Amino acid sequence: MANDTASYAAGPIGVFDSGYGGLTILDKIRRRLPQYEYLYLGDNARAPYGVRSFDVVYDFTLQAVKYLFSRGCQLVILACNTASAKALRSIQQNDLPTIDPTRRVLGVIRPTVEKIGEITRNGNIGIFGTPGTIQSRSYDMEIEKMYGGRFKTFGQECPLWVPLVESQEADGPGADYFVKKYTDALLAQCPDIDSVILGCTHYPLIAPKIRQYMPPGITIVEQGAIVADSLADYLRRHPEMECRCRRGGTATYLTTENATRFGSMATLFLHTPVTATHIPL
Ligand code: DGL
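What you see is a predicted model; the values in this text were computed from it and never measured.

A.B. asks: Is there a simple way to explain the environment of Gly 174 in this structure?
C.D. replies: One can find Gly 174 in helix α10 (residues 173–189). With ten residues separating them in the primary sequence, Gly 174 and Leu 164 have C-alpha atoms 8.8 Å apart.

Next comes the structure, spelled out in structure tokens:
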């Protein structure tokens, strides 16, 4: 009986990112699914993840997932492409069966790839991402798997965009140079792309500048609403998990860096007052 109770425990939906980027996903998830309780964790002290090795991203992500589980989360969203690219599969296949086979960890790459088929018209798809995400070729492989070679993908690493966002320089004049540098580099790979995936959850925070330097006919694909719709669909198809997601309409924010700084940055990004708590990982 005790076990039954434990297996049906409910908790907040965990949302994890290396830093502030996942807030762009949480924001859209909360608009789509306001009824649940959310626990956000930003590993700001160790961001950016995008330039780190596979093993390090996997270790950091697993620590974060275990921490969110320890706080009662039954479902964790990796609101981070780098973590989704480098850690999700191992966590799902190797770690969850031993930690707790009833809990779930979901990522952001697959929902985005599912959607891109409806968006592209000529099949030439650009992807902006961190070096880790682009070098993993996760998007290319997932698109190939889902659409069987009908589309061409062009990945562009943008190693300086996350540091610009994390250091609050995304709107500053210095950002223009690095936005133009990577948008030009993508267009040089293929001038004929018709859509580009912002394959890093930090990039919506620099999207106004990205738009400025991309030709107007190109669809810029942000992930927030896509991931939110996909989560809503997942919960509809999985009532056994839906009933383990606690209701309450609240969000709690945790960071591995300074809580005051996180709170003021998150307040700027979410346009609502945010108070954060520091936790060690
Ligand atoms: N927001 C993350 C992503 O979607 C990570 C960026 C980073 O820490 O480099 O890839």
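A.B. asks: Got a minute to help me understand the nonpolar core in this structure?
C.D. replies: In a soluble, globular protein the nonpolar side chains are often hidden away together inside. The biggest cluster of nonpolar side chains holds 32 residues, and the ones touching the most others in it are Leu 23, Leu 75, Leu 235 and Tyr 253. The element contributing the most residues to this core is helix α12 (residues 224–237), with six residues. If we skip the residues at most four places from it in the chain, Leu 75 touches Pro 12, Ile 13, Gly 14, Arg 104, Leu 106, Leu 231, Tyr 234, Leu 235, Met 241 and Cys 245. With 26 residues, the next largest nonpolar core counts Val 162, Tyr 203, Ala 207 and Ile 210 among its residues.

A.B. asks: Would you take a moment to explain the site of the ligand for this structure?
C.D. replies: In the vicinity of the ligand there are 13 residues, among which Ser 18, Tyr 49, Gly 50, Thr 82 and His 202 approach most closely. Contacts to the ligand include Asp 17, whose side-chain N or O atom sits 3.0 Å from a nitrogen atom. The backbone of Asn 81 places a nitrogen or oxygen atom 2.7 Å from an oxygen atom of the ligand. Within the complex, the protein chains bury 99% of what would otherwise be the 290 Å² of accessible surface of the ligand.

A.B. asks: Is there a simple way to think about the pattern of salt bridges in this case?
C.D. replies: Side-chain pairs of opposite charge can arise whenever the charged atoms involved come near each other. Taken as a whole and judged by the stated rule, the model has 16 salt bridges. The partner of Glu 37 in a salt bridge is Arg 246, with the nearest N and O atoms 3.0 Å apart. Within this pair, whereas Glu 37 is found in the loop between α2 (22–32) and β2 (38–42), its partner Arg 246 is found in the loop between α13 (239–242) and β9 (251–255), the two being separated by 209 residues in sequence. By relative accessible area, which is 17% here, Glu 37 ends up buried.

A.B. asks: I would appreciate a short explanation of the packing of α2 against α12 in the present structure.
C.D. replies: For any two helices packed against each other, the geometry comes down to the angle between their axes and how far apart the axes lie. Packing of α2 against α12 leaves a shortest axis separation of 8 Å and a crossing angle of 45 degrees. Taken together, α2 and α12 sit at an angle that is classed as oblique. For α2 against α12, the interelement crossing comes out right-handed. Across the interface between the two elements, Thr 24, Ile 25, Lys 28, Ile 29 and Arg 32 of α2 pack against Gly 224, Ala 225, Val 227, Ala 228, Asp 229, Leu 231 and Ala 232 of α12.

A.B. asks: I would appreciate a short explanation of helix α14 (residues 259–270) in the present structure.
C.D. replies: Turn by turn, an α-helix covers 3.6 residues, leaving residues three or four places apart pointing in a common direction. With twelve residues, α14 extends 16 Å from end C-alpha to end C-alpha; this agrees with the ideal 16 Å at 1.5 Å per step. When α14 is considered as a whole, its buried residues turn out to be Ala 259, Phe 262, Gly 263, Met 265, Ala 266 and Leu 270. Among the residues of α14, the N-terminal cap falls to Asn 258, whose side-chain oxygen and the backbone nitrogen of Thr 260 are separated by 3.0 Å. Of the residues one or two after α14, His 271 is the one with positive phi, at around 55 degrees.

A.B. asks: I keep staring at helix α5 (residues 88–99) and nothing clicks. Help me out?
C.D. replies: Helix length check: α5 (twelve residues) gives 14 Å between terminal C-alpha atoms against 16 Å at 1.5 Å per residue, more than 12% under. The set of residues buried in α5 consists of Leu 88, Ser 90, Ile 91, Asp 95 and Leu 96. Projected down its long axis, α5 shows its buried positions confined to an angular sector of 150 degrees, all on one face. Of the residues in α5, the exposed ones pointing more than 90 degrees away from the buried face are Arg 89, Gln 93 and Asn 94. Residues of α5 that are buried make contact with α3 (54–70), β3 (75–78), α4 (81–86) and β4 (104–106).

What counts and how
Residues numbered from 1 in each chain as written. Predicted model: local features only at pLDDT ≥ 70, side-chain atom pairs only at ≥ 80, totals over all residues. Heavy atoms only, no water. Helix = DSSP H or I, 4+ residues; strand = E, 2+ residues; numbered from the N terminus. Core = buried A, V, L, I, M, F, W, Y, C linked by side-chain atoms within 4.5 Å. Buried < 20%, exposed > 50% of the residue type's maximum accessible area, 1.4 Å probe, protein only. Contact = heavy atoms within 4.5 Å. Near = heavy atom within 4 Å. Polar contact = N/O pair within 3.5 Å; in protein donor to acceptor, adjacent residues only side chain to side chain. Areas by Shrake-Rupley, 256 points an atom, 1.4 Å probe, with all protein chains shown as cover. Salt bridge = Lys/Arg side-chain N within 4 Å of Asp/Glu carboxyl O. Axes fitted to C-alpha atoms, helices over the stretch in contact; angles between N-to-C directions. Parallel < 35°, antiparallel > 145°, perpendicular 65-115°, else oblique. Left-handed = near helix turned anticlockwise from the far one by under 90°. Expected span 1.5 Å × (residues − 1). Arc of directions from axis to C-beta.

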